[in-house]
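Secondary and tertiary structure notes
So you can see what is in the structure, the chains are spelled out below.
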Amino acid sequence: MRPFEIDIPQAELDDLTQRLVLTRWPDQLPGTGWDYGVARPYLQNLVGHWASGYDWRAQEARLNALPQYTTTVDGQHLHFVHAPSPEPDATPLLLLHGWPSTIADFAGVIGPLTDPAAHGGDPADAFHVVAPSLPGFAFSGPTTAPGWGPARIARACTELMARLGYGRYGAQGGDFGSIIAAEVGRAAPERVLGVHLNALANAAFAGDPGQLANLTEAERVQAEENELWWYGHNGYATQMSTRPQTLAYALTDSPAGQLAWNLEWYVDHDPTTTAQTPVDRDTVLTNTTILWLTNTAGSAARLYLETGSESWGVPATVSGVPTAVVNFRGDRAIRGLAAGAHRITRWTDIDAGGHFAALQAPAELVADLRAFFRTAG
């Protein structure tokens with residue numbers, strides 16, 4: 001385990017700025033807005049801010065306030081935040097991000113999780129937080145071999161927790177992190193106190209008609225609506241789950257292109273979910289800048305293909321680990337589908353935030369985590 005500090009050479013930042021300034025822009029059909037994809041005026045404005053208004057050094061300092069380390073697990077370089085609580089009896093918690101996120105998503109919740117007393121909470125709710133950069137993402141660097149899907153990442157996470165001396169711990173994840181956190185429970189059920197999930201995307205769609213038979217009428221209607229919605233939004237996932245290497249060339253060569261690719265999820269332009277809380281633009285740029293500077297946008301995309309080879313992370317058996325699912329505004333998980341893969345002991349619908357809960361509804365996420373782990377295990 002080696003201490004780690006982010007220290008990006010100025011020459012790399014200068015190169016990024018030059019590429020942004022020299023962006024070659026496509027045309028856009030008049031009056032189409034977001035109908036054909038990311039709207040050019042929106043992206044041009046954000047790229048302009050990235051080039052001349054965004055302060056990477058301030059974000060770098062903010063992230064370096066978190067205790068970071070690197071190690072090697074299963075032949076893969078692994079970067080992680082390890083933030084112990086001042087409370088000696090705190091519950092160890094593995095915190096897992098998704099795509100296109102990084103550990104920067106958690107910068108605002110690690111303090112309340114590790115030291116609730118300093119944030120108006122009960123010291124009994126404290127956690128020792130371990131937040132890895134997923135293999136293939138950010139400071140963990142690109143994966144160097146095929147096969148780094150959710151199950152293998154989960155095994156690496158259990159090894160990391162063992163090396164840190166945590167015999168019993170909880171796991172929390174959103175988006176891809178929700179798939180991996182659930183797999184952590186399957187990889188080490190004797191060690192995992194409970195699993196807390198948000199943005200549980202693989203519980204939004206029925207994999208086969210037989211699953212629909214076990215749903216309530218309302219859930220069947222929701223599943224059908226989800227399928228229609230996904231049909232109009234799955235282009236990015238289809239590309240990454242089938243031909244990520246082809247996409248990687250564009251993402252690696254154009255920071256504006258990489259930002260546009262990520263904005264499909266960060267910016268809520270869907271009329272069915274427009275009540276979601278906006279994600280702060282500097283936060284979007286921090287995640288994108290990290291992926292750019294570490295040259296990992298292409299390797300992060302590979303996680304979609306690797307997950308597809310595991311049936312999109314939908315296991316054949318129900319996990320025995322107590323599991324909480326929280327649906328924030330705009331999320332589409334269906335309890336009847338989730339129950340086919342998880343032993344659900346807590347289900348919460350929260351009309352706030354959005355897909356990126358740690359960024360859009362941090363207080364609500366922390367509160368639900370605390371409530372679940374008071375009784376889990």
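Refer to the preceding data block for the structure.
Residues numbered from 1 in each chain as written. Predicted model: local features only at pLDDT ≥ 70, side-chain atom pairs only at ≥ 80, totals over all residues. Heavy atoms only, no water.

1. Some remarks on the pairing of strand S4 (residues 91–96)
A large share of S4 lies buried, amounting to six of its six residues. Of the two faces of S4, both are covered, the one formed by Thr91, Leu93 and Leu95 as well as the one formed by Pro92, Leu94 and Leu96. Here S4 pairs with strand S5 (residues 127–132) via four bridges, running parallel. Its bridge partner being in S5, Thr91 is matched across the sheet by Phe127. In this sheet, strand S6 (residues 169–174) lies alongside S4 in parallel orientation, the contact comprising four bridges. Within S6, the residue paired with Leu95 across the bridge is Gln172. (Buried < 20%, exposed > 50% of the residue type's maximum accessible area, 1.4 Å probe, protein only. Helix = DSSP H or I, 4+ residues; strand = E, 2+ residues; numbered from the N terminus. Pairing = 2+ DSSP bridges.)

2. Describing the packing of helix H3 (residues 56–64) against helix H12 (residues 281–293)
Remark: H3 packs on H12, axes separated minimally by 11 Å, with the N-to-C direction vectors making an angle of 85 degrees. When the interaxial angle is binned, H3 and H12 end up roughly perpendicular. Facing H3, whose interface residues are Trp56, Gln59 and Leu63, H12 presents Asp282, Thr286, Thr289, Ile290 and Leu293. (Axes fitted to C-alpha atoms, helices over the stretch in contact; angles between N-to-C directions. Parallel < 35°, antiparallel > 145°, perpendicular 65-115°, else oblique. Contact = heavy atoms within 4.5 Å.)

3. Describing the pattern of salt bridges
Side-chain pairs of opposite charge can arise where the charged atoms are in close proximity. Going through the model one piece at a time under the given rule, you end up with 11 salt bridges. In this structure, Arg163 engages Glu159 in a salt bridge whose closest nitrogen and oxygen atoms are separated by 2.8 Å. You can see Arg163 and its partner Glu159 sitting in helix H5 (residues 150–163), four residues apart, about one turn around the helix. Of the residues examined, Arg163 reaches a relative accessible area of 38% and is grouped as partly exposed. Taken together, the shared-partner salt bridges connect Asp15, Arg19 and Asp253 into one network. (Salt bridge = Lys/Arg side-chain N within 4 Å of Asp/Glu carboxyl O.)

4. Some thoughts on the environment of Ala131
Of note, Ala131 is situated in strand S5. According to the relative accessible area criterion, Ala131 is buried, its value standing at 1%. Sequence spacing of Ala131 and Ala260 is 129 residues, and the spatial spacing of their C-alpha atoms is 26 Å. Contact partners of Ala131, with chain neighbours within four places excluded, come to Phe80, Val81, Leu95, Ile103 and Phe106.

5. Structural notes on the sheet that holds strand S9 (residues 343–350)
On the basis of which strands lie adjacent, the open sheet formed by nine strands has the order S1-S2-S3-S5-S4-S6-S7-S8-S9 and mixed pairing. Pairing within the sheet leaves two strands with one partner each, and these edge strands are strand S1 (2–4) and S9. Geometrically, the sheet is characterised by an average inter-axis angle of 25 degrees between neighbouring strands, direction not taken into account. Where strand S3 (residues 76–83) lies against S5, four bridges are found, and the strand directions are antiparallel. Bridged to Ala83 within S5 is Val129.

6. Quick look at the packing of aromatic side chains
Taken as a whole and assessed by the stated rule, the structure comprises 15 aromatic pairs. Ring geometry for Trp230 versus Tyr236: centroids 6.1 Å apart, planes at 85 degrees, classification edge-to-face. Taken together through their ring pairs, the aromatic side chains of Trp99, Phe176, Phe205, Trp229, Trp230, Tyr236, Trp265 and Tyr304 make up a single cluster. Over the ring of Trp229 we find Arg332, and its NZ or CZ is 4.1 Å from the ring centre. (Phe/Tyr/Trp six-rings, centres within 6.5 Å; stacked < 30°, edge-to-face > 60°. Lys NZ or Arg CZ within 6 Å of the ring centre and 35° of its normal.)

7. A look at the pairing of strand S8 (residues 322–328)
Two faces belong to every sheet, and in a regular strand the side chains alternate between them. By the criterion of burial, S8 is predominantly enclosed, with seven of the seven residues buried. Residues of S8 alternate between two faces, with Pro322, Ala324, Val326 and Phe328 on one and Thr323, Val325 and Asn327 on the opposite face, all of them buried. Summarising the sheet, strand S7 (residues 192–198) and S8 pair through four bridges and their orientation is parallel. Counted as the bridge partner of Leu197 is Val325 from S8.

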